[in-house]
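# Results of the structural survey
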Amino acid sequence: MAETREPIRVAINVMRARLTILGFNLMIITFQIRELSNLGSGVPLPGIEQTVHIPAAAALFLGMALTVIAIICFIVSSAFDQVGTCDHWSVLAGDLLMYLALAQTIVGFFGPFQYQIGQVTLPDPGQAQILNLVHSGVGIAGGIAWALATYLGPLISLLRSPFGRGITVALGLAYLLVLLLVARVWTMATQLQLQRLGQEEAAPSWLSGFVAPMVW
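A few points on the structure. Position numbers for residues count from 1 along each chain, tracking the sequence in the order it is written. Thresholds applied to this predicted model are a pLDDT of at least 70 for local features of residues and 80 or more for the giving and counting of side-chain atom pairs; totals over whole chains, interfaces and linings are not thresholded and use all residues. The side-chain values count all of the structure's non-hydrogen atoms but skip hydrogen atoms and water molecules.

### Comments concerning the nonpolar core
- Think of a nonpolar core as a cluster: buried Ala, Val, Leu, Ile, Met, Phe, Trp, Tyr and Cys residues, connected wherever their side-chain atoms sit within 4.5 Å. Each residue is assigned to one of three classes by its accessible area relative to the maximum for its type, calculated with a 1.4 Å probe on protein chains only: buried under 20%, partly exposed between the two thresholds, exposed over 50%. Of all hydrophobic cores here, the largest spans 24 residues; its most connected members are L22, L66, F74 and L100.
- Elements are defined by DSSP. Helices are runs of H or I of four residues or more, strands are runs of E of two residues or more, and each kind is numbered from the N terminus. For this core, the element with the highest residue contribution is helix α3 (residues 90–118), accounting for 8 residues.
- When checking whether two residues touch, look at their non-hydrogen atoms; a contact exists if any pair is within 4.5 Å. Leaving out residues up to four positions away in the same chain, L22 has contacts with T67, A70, I71, F74 and M98.

### With respect to helix α4 (residues 125–159)
- Here the expected span of a helix is defined as 1.5 Å times the quantity of residues minus one. For α4, built from 35 residues, the straight-helix expectation of 51 Å at 1.5 Å per residue is met to within 8% by its first-to-last C-alpha distance of 49 Å.
- Looking only at α4, the buried set comprises L131, G139, G142, G143, W146, A149, T150, G153, P154 and S157.
- Contacts from the buried residues of α4 go to α3, α5 (165–196) and α6 (212–215).
- Residues adjacent in sequence count toward polar contacts only when both atoms are side-chain atoms; beyond that, a polar contact is any pair of N or O atoms within 3.5 Å, and within protein one must be able to donate a hydrogen and the other to accept it. The N-cap of α4, judged by a side-chain oxygen 3.0 Å from the amide nitrogen of G126 a few residues on, is D124.

### Describing the packing of helix α1 (residues 12–35) against α3
- Fitted lines through C-alpha atoms serve as axes, helices being fitted only where they are in contact, and the angles separating the N-to-C directions of these axes extend from 0 to 180 degrees. Between α1 and α3, the least distance of the axes is 10 Å, while the angle of their chain directions is 25 degrees. If you check the angle between α1 and α3, you find them roughly parallel. Viewed along their axes, α1 and α3 form a crossing whose handedness is left-handed. Only D95, M98, A101, L102, T105, G108 and F109 of α3 make contact with α1, whose side of the interface consists of R18, I21, L22, N25, I28, I29, F31 and Q32. An angle below 35 degrees is treated as roughly parallel, one above 145 as roughly antiparallel, one from 65 to 115 as roughly perpendicular, and anything else as oblique. If you view the pair so one helix is near and one far, a crossing is left-handed when the near helix is turned anticlockwise from the far one by less than a right angle, and right-handed when it is turned clockwise.

### So, the packing of α1 against helix α2 (residues 54–76)
- Packing of α1 against α2 leaves a shortest axis separation of 10 Å and a crossing angle of 160 degrees. One way to sum up the angle between α1 and α2 is to call them roughly antiparallel. Crossing of α1 over α2 shows left-handed handedness. Facing α1, whose interface residues are M15, R18, L19, L22, N25, L26, I29, T30, Q32 and I33, α2 presents L60, F61, G63, M64, T67, A70, I71 and F74.

### Overview of the packing of aromatic side chains
- Stacked, tilted and edge-to-face are the three classes applied to pairs of Phe, Tyr and Trp rings, where Trp contributes its six-membered ring and a pair requires centres within 6.5 Å; stacked means planes under 30 degrees apart, edge-to-face means over 60, and tilted covers the rest. The final tally for this structure, using the stated rule, is 1 aromatic pair.
- Ring centres of W146 and Y151 lie 5.7 Å apart, and the angle between their planes is 80 degrees; on these two criteria the pair is classed as edge-to-face.
- Taking relative accessible area as the criterion, W146 reaches 5% and is therefore assigned buried.

### Thoughts on the state of the cysteines
- By disulfide we mean two sulfur atoms from cysteines, separated by a distance within 2.5 Å. Here the structure, examined in full by the defined rule, presents 0 disulfides.
- The closest cysteine sulfur to the non-disulfide-bonded C73 is located on C86, 11 Å from its own sulfur.

Shown next, in the form of C-alpha cells:
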C-alpha cells in the first residue's frame, strides 16, 4: 500500500511574524524615501526640483514592491478554515521575497551614507583615519546584513522547505531570476548616477548587483 503523505500545515504564527517584519520594512522604506532628498548626495534630473540618489531610490522602490508582493503571498497561503494554517507553497515564495525586500532596504540605507562619507576629506590625519574606520566598519556591517538577507536567509528557507523537491527547486530558480532582475535594475541606476556625475569610468558592470556592498 502506498504511504499516505500528511498535508503540509505551517502554523499561522509563522506567517504572522513575517507579516510584522514586512510591516516594519514598509515603514522604514517610506521614511527613507522621504529623507533621500535631504541627503545631498543625489544628482539633478530634468523635471525634478530636488536631487535624486538614483541607486538608493531604485532599491527602496524595488524593496517596497517586493514587500507588498511578499505580503500578498503570505496572505493567500493561509487556508480558509477555523485555524488558518498555511498549506500552500506561496508561503515559501513570500519568505524568499521577504528576504530580498529586506536586502533592498539595506541598500537604500547604507548606499547613500557610504557614498557621502567616501566623498569627505578631512585635513587632520587623525580625524581622517577615524572617519575611514567608521566608513569601513559601517560598510562591513551593512555588507554582512545584505549578504545574510540576499543569500543565507533564502538558502535556509529552501533547505528547510516542507514542500516537495520539485516546488522547492522551482521556487529557488524563480528567486534567482528575480534576484537577477533586481541586480540589473540597481546596476543600471548606479551607472546612470555615475554618468550624471561625470564618472562614467567608475560605472560597475551589471554583475555588481550580486555584490552590491562592494560598489558602496
